[in-house]
Amino acid sequence: MSLKISVIGLGYLGATHAVVMAQLGHEVIGVEPNVERLDSLRAGKLPFYEPGLQESLTDAVASGRLRFTDRHNEISAAADLHFICVGTPQLTGSQAADTRHLYSAISDLATVIQDGAVVAGKSTVPVGTAADLRAELLNKSGKKVELVWNPEFLREGHALQDSLTPDRIVVGISPETKDLGPEMVLRAAYSAQIAAQIPFLVTDLATSELVKVAANAFLATKISFINAVAEMAELTGADAGQLAEAIGFDERIGSKFLRNGIGFGGGCLPKDIHAFEAKASEIGAKGIASLLQAVDSINLERRARVIDLAKLALGELTGKRIVVLGAAFKAETDDIRESPALEVALALKSAGATVLVHDPMALDAVRLKHPGLETKDDLLEALAGAELAILATEWSLYRNLDPVAASSVVAVKNLIDGRNYLDAEKWQSAGWSVFGLGRGA
Ligand SMILES: NC(=O)c1ccc[n+]([C@@H]2O[C@H](COP(=O)([O-])OP(=O)(O)OC[C@H]3O[C@@H](n4cnc5c(N)ncnc54)[C@H](O)[C@@H]3O)[C@@H](O)[C@H]2O)c1
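Residues numbered from 1 in each chain as written. Predicted model: local features only at pLDDT ≥ 70, side-chain atom pairs only at ≥ 80, totals over all residues. Heavy atoms only, no water.

## Describing the nonpolar core
Judged by nonpolar contacts, the single largest core of 53 residues is most densely connected at Leu-348, Leu-383, Ile-416 and Trp-432. Sequence-distant contacts of Trp-432, that is, excluding residues within four places in its chain, are made with Ala-389, Pro-403, Ala-406, Ser-407, Val-410, Lys-413, Asn-414, Leu-415 and Trp-427. Of all hydrophobic cores here, the second largest spans 41 residues; its members include Leu-3, Val-148, Val-171 and Tyr-190. (Core = buried A, V, L, I, M, F, W, Y, C linked by side-chain atoms within 4.5 Å. Buried < 20%, exposed > 50% of the residue type's maximum accessible area, 1.4 Å probe, protein only. Contact = heavy atoms within 4.5 Å.)

## Some words on empty space enclosed by the protein
Summed over the entire model, instances satisfying the criterion amount to 3 cavities of 30 Å³ or more. Each pocket or cavity is described by its volume, and for the largest cavity that value is around 120 Å³. In this structure, the largest cavity is lined by 16 residues; those nearest its centre are Lys-122, Glu-152, Pro-166, Ile-169 and Tyr-190. Contributions of two or more residues to the lining of the largest cavity are made by α1 (12-23), α6 (159-164) and β7 (169-172). In terms of residues, the lining of the largest cavity owes the most to one element, α1, which gives 3 residues. Of the residues in the lining of the largest cavity, the class split is 8 nonpolar, 4 polar and 4 charged. (1 Å grid on protein atoms, 1.4 Å probe; cavity = no way out; pocket = protein on both sides within 12 Å on 5 of 7 lines; lining within 4 Å. Points joined across faces, edges and corners; volume = space filled by probe spheres on them. Helix = DSSP H or I, 4+ residues; strand = E, 2+ residues; numbered from the N terminus. Nonpolar A, V, L, I, M, F, W, Y, C, P; charged D, E, K, R; others polar.)

## So, the packing of aromatic side chains
As enumerated under the stated definition, the model contains 3 aromatic pairs in all. The interplanar angle of 65° and the centroid separation of 6.3 Å between the aromatic rings of Phe-83 and Tyr-190 together place this pair among those described as edge-to-face. Of this pair, Phe-83 sits in strand β4 (residues 81-84) while Tyr-190 sits in the loop between α7 (181-189) and α8 (191-195), and the two are 107 residues apart along the sequence. With centroids separated by 4.9 Å and ring planes inclined at 80°, the aromatic side chains of Trp-427 and Trp-432 adopt a geometry described as edge-to-face. Given a relative accessible area of 4%, Trp-427 falls into the buried group. Taking the ring centre of Phe-153 as reference, the NZ or CZ of Arg-168 above it sits at 3.6 Å. (Phe/Tyr/Trp six-rings, centres within 6.5 Å; stacked < 30°, edge-to-face > 60°. Lys NZ or Arg CZ within 6 Å of the ring centre and 35° of its normal.)

## As for the site of the ligand
Around the ligand there are 25 residues in total, and Glu-32, Arg-37, Thr-88, Glu-156 and Lys-271 lie nearest to it. Within the backbone of Gly-9, one N or O atom sits 3.5 Å away from a nitrogen atom of the ligand. Ser-104 places a side-chain nitrogen or oxygen 3.4 Å from a nitrogen atom of the ligand. Considering the ligand on its own, with 830 Å² of exposed area, one finds that the protein chains cover 89% of that surface. Broken down by secondary-structure element, the contributors of at least two residues to the shell around the ligand are α1 and α4 (100-112). (Near = heavy atom within 4 Å. Polar contact = N/O pair within 3.5 Å; in protein donor to acceptor, adjacent residues only side chain to side chain. Areas by Shrake-Rupley, 256 points an atom, 1.4 Å probe, with all protein chains shown as cover.)

## What about the environment of Gly-385?
Note on placement: Gly-385 falls in the loop between α15 (379-383) and β12 (388-391). A relative accessible area of 29% means that Gly-385 is categorised as partly exposed. With 42 residues separating them along the chain, Gly-385 and Trp-427 place their C-alpha atoms 18 Å apart. Residues contacting Gly-385, with those up to four places away along its chain left out, are Arg-321, Val-409, Val-410 and Ala-411.

## Here's the deal with the pairing of β4
Side chains Leu-81 and Phe-83 project from β4 onto one buried face, and the interleaved His-82 and Ile-84 project onto a second face that is buried too. Strand direction decides the pairing type here: strand β1 (residues 4-8) and β4, joined by 4 bridges, are parallel. When the bridges of β4 are listed, Val-7 appears paired with Phe-83. Alignment of β4 against strand β5 (residues 118-121), held across 4 bridges, turns out to be parallel. Pairing of Ile-84 across the sheet is with Gly-121, part of β5. With α4 bridging β4 and the parallel β5, this β-α-β connection has right-handed handedness. (Pairing = 2+ DSSP bridges. Right-handed = clockwise from strand over helix to strand, strands pointing away.)

## Section: the pattern of salt bridges
Using the criterion set out here, one finds 20 salt bridges in the structure. Residue Glu-136 pairs with Lys-140 through a salt bridge whose shortest N-O separation is 3.2 Å. Here the residue Glu-136 and the residue Lys-140 both occupy positions in helix α5 (residues 129-141), the gap between them amounting to 4 residues, near one helical turn. Put simply, Asp-162 and Arg-155 hold a salt bridge, and the shortest N to O gap is 2.8 Å. A residue is classified by how much of its surface remains accessible, and Asp-162, at 13% relative accessible area, is buried. Connected via shared salt-bridge partners are Glu-234, Glu-301, Arg-302 and Arg-305. (Salt bridge = Lys/Arg side-chain N within 4 Å of Asp/Glu carboxyl O.)

## Comments concerning the layout of surface pockets
There is about 230 Å³ of room inside the second largest pocket. What lines the second largest pocket is a set of 14 residues, and nearest its centre among them are Lys-144, Val-145, Glu-146, Asp-179 and Pro-182. Here the lining of the second largest pocket gets 3 residues from one element, more than from any other, and that element is α7. Looking at the lining of the second largest pocket, its residues break down into 5 nonpolar, 3 polar and 6 charged.

## Quick notes on unusual backbone geometry
The phi torsion at Glu-332 lies on the positive side, around 65°, for a residue other than glycine. Positive phi, normally seen in glycine, also occurs at Asn-420, with a value near 50°. Along the chain, the position of Asn-420 falls in the loop between β13 (414-417) and α18 (424-429).

Right under this line is the structure:
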């Protein structure tokens, strides 16, 4: 069954969701107040890089099922279901999440929403937010409407596939909701996934909010766990890469998210574990709060380890030419929010090094956000004259780089593999000194 859907907030999550909903046959209108982003989408151009999504956007627009606006009043008629996908960044000067965009979106929606419509929040929120937003929507609109929570689990770099075939769909519904109507609307929106046997779980609002932050906290904990073990390996001469491979064969542990390196970043994991920790501290859940504090500090410590390795390779950093390979927080995205790669680059610059950053997709964002950082689009030009290269984002173009070709342009053949991603033996055979994390230096 085809629905009339609005998607409010067209960032990495909302733009993907709008495209996918249209691709699934629904009639979709996307709402976005950011003029640049909206103009780009209206011109049929995805305002960020995400593999495969540009093609799907083009197809969805051509099908006539997807259009964009900045006016909430345009969405009222097109509205069996409104998805809220606005940002919930970290508050400045606090660990907690800034939920103001959500309240503002709900206020705007309350003025135009029609009886019978369902609102589904997809943003990641502190537990308790959905119940509060629901009360706000019911009070302000005075209409017979419902608000449910439908957290999103997509990964940047795999957003299209994750949206089309998620591991599960979770819908949190208030116990005050009297009928099955809202659940049925969500089932209709995701009928293709349900037909493909993707689990569809109905919970209460608080559980649905916690499912999302708990999943992110678990993934962050797994990364910090192997990074903490990597420190132990460094102190004992063991090899954390081999260790991770060996323990990853245990099905209970699994090998994903178990490669040690410079840690996690991005627009989600860091702010989500901070917000989870803040909420847990606020309500007295001491266990998870102290666990997440440890996860966070282990994560940050790994970046400091790269600076130590740079000093080991070069001695004094002042005036040394260092190229940082990668700026995006991970490969297959141009997202530089909380990027460990960029934090390493900025720390080296503060320590007096002459730093140059390369990335195949994220340099426009770097130039905008960090105009003081030197950047180069061409990889060999970026490497020219370097006394140290640091692999900071696992783009395949770096794995495909020929160490012999790189040798001919650098000043000194020093390499730190911050992601344990490159073939160290190949680089060593070409005469490079290779420093890895999680190995005795
Ligand atoms: N990026 C991801 O991979 C991902 C994955 C799962 C969940 N999430 C969650 O989804 C939410 C959005 O994340 P994102 O990465 O897309 O953020 P983003 O910053 O890229 O996008 C948010 C968008 O919302 C718009 N917006 C703000 N206020 C608005 C309003 N009142 N009305 C309409 N639009 C408004 C902004 O202009 C922006 O374009 C966050 O809660 C995030 O934690 C993100």
